[in-house]
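Tertiary structure, described
So you can see what is in the structure, the chains are spelled out below.
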Amino acid sequence: TVTATAATVALHELRFEQLLLAVFVAVLKVLLCAGCGVVLAQQGIFTPTVLRGVSKSCHVLFLPCLLFEKLARTVTLSTLVSLWPLFVAPLVYVALALALTEANALVHRAACWSGARSGV
């Protein structure tokens, strides 16, 4: 139990660099698996039908499981709290993009409407 306690303490003291390394290793595993699939497809071992099925399975099931498994061992509540900007930033970006898109559409509609009114 001493080792388990030490591991738990070590997880609570996880730094950003360690988390980044964990994500990098998980993504590297995915890229290696994808590379193996490319080689098998080029060799004709995977037919197009098999390739579509394997690709869909990897995309829908195996990739999320692999990433979740790797991150679940390294992310704790304290790291989530310290990395809150990583979760808020995408929401801000999407909200900003939607607002700018709507503003652009309003300006464009106004320009088109005034051009139609003036007979241009």
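Refer to the structure above for everything that follows.
Residues numbered from 1 in each chain as written. Predicted model: local features only at pLDDT ≥ 70, side-chain atom pairs only at ≥ 80, totals over all residues. Heavy atoms only, no water.

Let's talk about the overall build of the protein
Test applied: To qualify as a helix, a DSSP run of H or I must reach at least 4 residues; to qualify as a strand, a run of E must reach at least 2; elements of each kind are numbered from the N terminus. A 1.4 Å probe rolled over the protein chains alone gives each residue an accessible area, and that area as a share of the maximum for its type sets the label: buried under 20%, exposed over 50%, partly exposed in between. All accessible areas in this document rest on Shrake-Rupley with a 1.4 Å probe, and a residue is counted as covered only by the protein chains that are shown.
For the protein, the count of helices and strands is 5 helices and 0 strands. For the protein, the N- to C-terminal ordering of α and β elements is α-α-α-α-α. Within the protein, the proportion of its 120 residues that are buried is 9%. Counting only carbon and sulfur atoms, one obtains 76% of the accessible surface of the protein, whose full area is about 9,600 Å².

With respect to the state of the cysteines
For clarity, the cut-off: Whenever a pair of cysteine sulfur atoms sits within 2.5 Å, that pair is classed as a disulfide.
Tallied over the full model, the rule gives 0 disulfides. Here Cys58 stays unpaired: no disulfide links it, and the sulfur of Cys33, its closest cysteine neighbor, is 7.2 Å away. With a relative accessible area of 35%, Cys58 lands in the partly exposed category.

Focus on helix H2 (residues 16-42)
Keep this limit in mind: For a helix, the expected span equals 1.5 Å multiplied by the residue count minus one. Contacts are assigned to residue pairs with any non-hydrogen atoms lying within 4.5 Å of each other.
A rise of 1.5 Å per residue sets the reference length of H2, with its 27 residues, at 39 Å; its end C-alpha atoms lie 39 Å apart and thus fit the reference within 8%. Of the positions making up H2, those classed as buried are Leu19, Ala22, Ala26 and Gly37. Structurally, H2 contributes buried residues whose contacts are with helix H3 (48-72). Directly after H2, the chain includes Gly44, whose backbone phi takes a positive value near 85°.

Looking at the layout of surface pockets
This is how it is decided: Think of a 1 Å grid over the protein atoms and nothing else: a 1.4 Å probe that fits but is trapped marks a cavity, an open set flanked by protein within 12 Å on at least five of seven lines marks a pocket, and residues with an atom within 4 Å of a point count as lining. Grid points are joined across faces, edges and corners, and a volume is the space filled by probe spheres set on the points. Residue type decides the class: Asp, Glu, Lys and Arg count as charged, Ala, Val, Leu, Ile, Met, Phe, Trp, Tyr, Cys and Pro as nonpolar, and the leftover types, Gly among them, as polar.
There is about 310 Å³ of room inside the largest pocket. Together, 14 residues line the largest pocket, and Val30, Cys33, Ala34, Val54 and Cys58 are the ones closest to its centre. Those elements giving two or more residues to the lining of the largest pocket turn out to be H2 and H3. It is H3 that contributes the most residues to the lining of the largest pocket, 8 residues altogether. When its residues are assigned to classes, the lining of the largest pocket shows 11 nonpolar, 3 polar and no charged.

Some points on a nonpolar patch on the surface
Selection rule: Patches in this entry comprise residues that are over 30% relatively accessible and not in a salt bridge; like charges within 9 Å are linked, as are nonpolar side chains (Val, Leu, Ile, Met, Phe, Trp, Tyr) within 5 Å. A pairing counts as a salt bridge when a side-chain nitrogen of Lys or Arg comes within 4 Å of a carboxyl oxygen of Asp or Glu.
Taken together, the side chains of Phe16, Leu20, Leu77, Leu80, Val81, Trp84, Leu86, Phe87, Val88, Val92 and Tyr93 make up a nonpolar region of the molecular surface, amounting to roughly 1,200 Å² of accessible area. For the nonpolar patch, the elements supplying multiple residues, two or more each, are H2, helix H4 (77-82) and helix H5 (84-117). One can find Leu80 in helix H4.

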